[in-house]
Amino acid sequence: MSNRGEQSLLKQSTILMFAVAIAGIVTGFVSGAQSILFDGFFSLIATFIKVLMLITARLIAKESNHRFQFGFWHLEPMVLLIEGSFLMLIAIYAFLNGVFGIINGGREVELGLVIFYAAFFAVAEFAYFFYVRHRNRKLKSSLIQFDNISWLVDAMLSVGLLVSFVTALLLKQYGHDRWAVYVDPAILILLAISMLPPALKILRPALRDVLGIAPDQLDDRVRSVMEEAMVAHGFQEYMSYVQKHGRARFIEIHIVLPADYPLQNVAALDQLREEISDQLGEADAARWLTISFTGDRKWIV
């Protein structure tokens, strides 16, 4: 993965999302549409998160130092956890705002302006979402993958706004003005509910990484490789430990050799390490692999 390409795309995404945020906030104030204002503030928060992601990407590209000897990989799930938490909080706020809007008798909005806003940004945001997804097929960045969720959510918000305001316009044209005022708070509630799945999609893996929960797929892979190695090389016992922080995978394998194991030199151990490493998959900068050998079981527990 090219970190330079990742940073460039994140920077571009941040600038464009900030432009969307300003457009939404201004349009929301002018039109009186709380749902448009909500869309703008969502984009503003998304911009803030993108700045954090850009900083994280730059730190990850740096080498480890005395204070952060394993690098800055741990910052990635922390940023994603912040993003997911913000999405959850803003969804709850929008839901409550919509409920109180209905209780208070609805809202009058300037439909012509908001319909144009929703139509324009629905097309633009979906186009940019697919563009970023296409670019990320080569970059393979988890930061960009989760960052792009904000564009999908924003595009879905714009489509929801477009449908709702066109509905409100039709209600007015057919003489149902008293129902049209409830469209804005009603769509705000629906938008809030629709944001929950994307928020959970970001929160679940980020929370697992922050808490240090072993990734099942990686753990199963390591155990499968080591069970085969036990049979092939006659190891007495092994213990493995895996952890994941964002894209970084940390793997520790401690192997107990029998007392009569035929060991000629250290190079033979290095050859075993190389074989196990190859079976675990292609090595990259995000994989930290430690394989140790001992003849005493006390060193692996």
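Before reading further, recall that the structure is shown in the block above.
Residues numbered from 1 in each chain as written. Predicted model: local features only at pLDDT ≥ 70, side-chain atom pairs only at ≥ 80, totals over all residues. Heavy atoms only, no water.

A. Structural detail: the overall build of the protein chain. Counting its secondary structure elements, the protein chain contains nine helices and three strands. Counting from the amino terminus, the protein chain carries its helices and strands in the arrangement α-α-α-α-α-α-α-α-β-β-α-β. The C-alpha radius of gyration of the protein chain comes to 26 Å, more than 25% above the 19 Å expected for a compact globule of 301 residues. With the principal axes as the frame, the protein chain shows a C-alpha extent of 90 × 35 × 30 Å. Counting over 301 residues, the protein chain shows a buried share of 46%. (Helix = DSSP H or I, 4+ residues; strand = E, 2+ residues; numbered from the N terminus. Rg over C-alpha atoms; globule rule 2.2 N^0.38 Å. Buried < 20%, exposed > 50% of the residue type's maximum accessible area, 1.4 Å probe, protein only.)

B. Representation of the nonpolar core. By size, the foremost hydrophobic cluster in this structure holds 50 residues, and its most contacted members are Phe 38, Leu 161, Phe 165 and Met 195. Those elements that place two or more of their residues in this core are helix H1 (3-31), helix H2 (34-61), helix H3 (75-103), helix H4 (111-139), helix H5 (142-173) and helix H7 (183-211). By size, the runner-up hydrophobic cluster in this structure holds 20 residues, among which are Ala 229, Val 242, Ile 276 and Ile 291. (Core = buried A, V, L, I, M, F, W, Y, C linked by side-chain atoms within 4.5 Å.)

C. The arrangement of the packing of aromatic side chains in detail. Summed over the entire model, instances satisfying the criterion amount to twelve aromatic pairs. With 6.4 Å between their ring centres and 20 degrees between their planes, Phe 116 and Phe 120 make a pair best called stacked. Of this pair, Phe 116 and Phe 120 both sit in helix H4, four residues apart, which is roughly one turn of that helix. The exposed category is assigned to Phe 116, whose relative accessible area is 58%. Here Trp 179 and Tyr 182 contribute two aromatic rings whose centre-to-centre distance is 6.3 Å and whose plane-to-plane angle is 50 degrees, an arrangement assigned as tilted. The class of Tyr 182 is partly exposed, set by a relative accessible area of 28%. Taken together through their ring pairs, the aromatic side chains of Phe 116, Tyr 117, Phe 120 and Phe 121 make up a single cluster. (Phe/Tyr/Trp six-rings, centres within 6.5 Å; stacked < 30°, edge-to-face > 60°.)

D. The arrangement of the sheet that holds strand S2 (residues 248-256) in detail. The strand order S1-S2-S3 describes an open sheet built from three strands, whose pairing is mixed. The open sheet is flanked by strand S1 (237-245) and strand S3 (287-294), the only strands paired with a single partner. Pairs of neighbouring strands in the sheet enclose a mean axial angle of 10 degrees, with direction left out of account. Two elements, S2 and S3, share eight bridges in a ladder whose sense is parallel. When the bridges of S3 are listed, Ile 251 appears paired with Leu 289. (Pairing = 2+ DSSP bridges. Axes fitted to C-alpha atoms, helices over the stretch in contact; angles between N-to-C directions.)

E. Structural context of helix H8 (residues 216-233). In this model H8 runs 25 Å from its N-terminal to its C-terminal C-alpha over 18 residues, within 8% of the 26 Å that 1.5 Å per residue would give. Here H8 has its buried residues at Leu 218, Asp 219, Val 222, Val 225, Met 226, Ala 229 and Met 230. Down the axis of H8, the buried set is contained in an arc of 145 degrees. They therefore lie on one face. When the buried face of H8 is taken as reference, the exposed residues oriented beyond 90 degrees from it are Asp 216, Gln 217, Asp 220, Glu 228, Val 231 and Ala 232. Positive backbone phi, at 70 degrees, marks Gly 234, one or two positions downstream of H8. (Expected span 1.5 Å × (residues − 1). Arc of directions from axis to C-beta.)

F. Region of the structure containing the side chain of Ser 240. Topologically, Ser 240 is positioned in strand S1. Excluding its chain neighbours within four sequence positions, the residues that come into contact with Ser 240 are Asp 219, Val 222, Arg 223, Glu 252 and Ile 253. (Contact = heavy atoms within 4.5 Å.)

G. Looking closely at the pairing of S1. Pairing of S1 with S2 involves nine bridges; the strand directions are antiparallel. Note that in S2 the partner of Tyr 241 across the bridge is Glu 252. Taken together, S1 and the strand that follows it, S2, pair antiparallel across an intervening segment of two residues, in which Gly 246 is found at a positive phi of about 65 degrees.

H. How the structure looks around the packing of H3 against H7. Relative to each other, H3 and H7 sit at 160 degrees, their axes nearing to 7 Å. As the angle between them shows, H3 and H7 are arranged roughly antiparallel. For the element pair H3 and H7, the recorded crossing hand is left-handed. Along the lines of polarity and charge, the residues of the contact of H3 with H7 split into 27 nonpolar, five polar and two charged. (Parallel < 35°, antiparallel > 145°, perpendicular 65-115°, else oblique. Left-handed = near helix turned anticlockwise from the far one by under 90°. Nonpolar A, V, L, I, M, F, W, Y, C, P; charged D, E, K, R; others polar.)

I. Structural view of the pattern of salt bridges. For the coordinates displayed, the defined rule picks out four salt bridges. A salt bridge links Arg 297 to Glu 237; the nearest nitrogen and oxygen atoms lie 2.8 Å apart. Of the two residues, Arg 297 is situated in the segment after S3 and Glu 237 in strand S1; the sequence distance between them amounts to 60 residues. A residue is classified by how much of its surface remains accessible, and Arg 297, at 41% relative accessible area, is partly exposed. In this structure, Arg 273 engages Asp 270 in a salt bridge whose closest nitrogen and oxygen atoms are separated by 2.9 Å. (Salt bridge = Lys/Arg side-chain N within 4 Å of Asp/Glu carboxyl O.)

Scope: geometric values only; no functional claims are made or implied.
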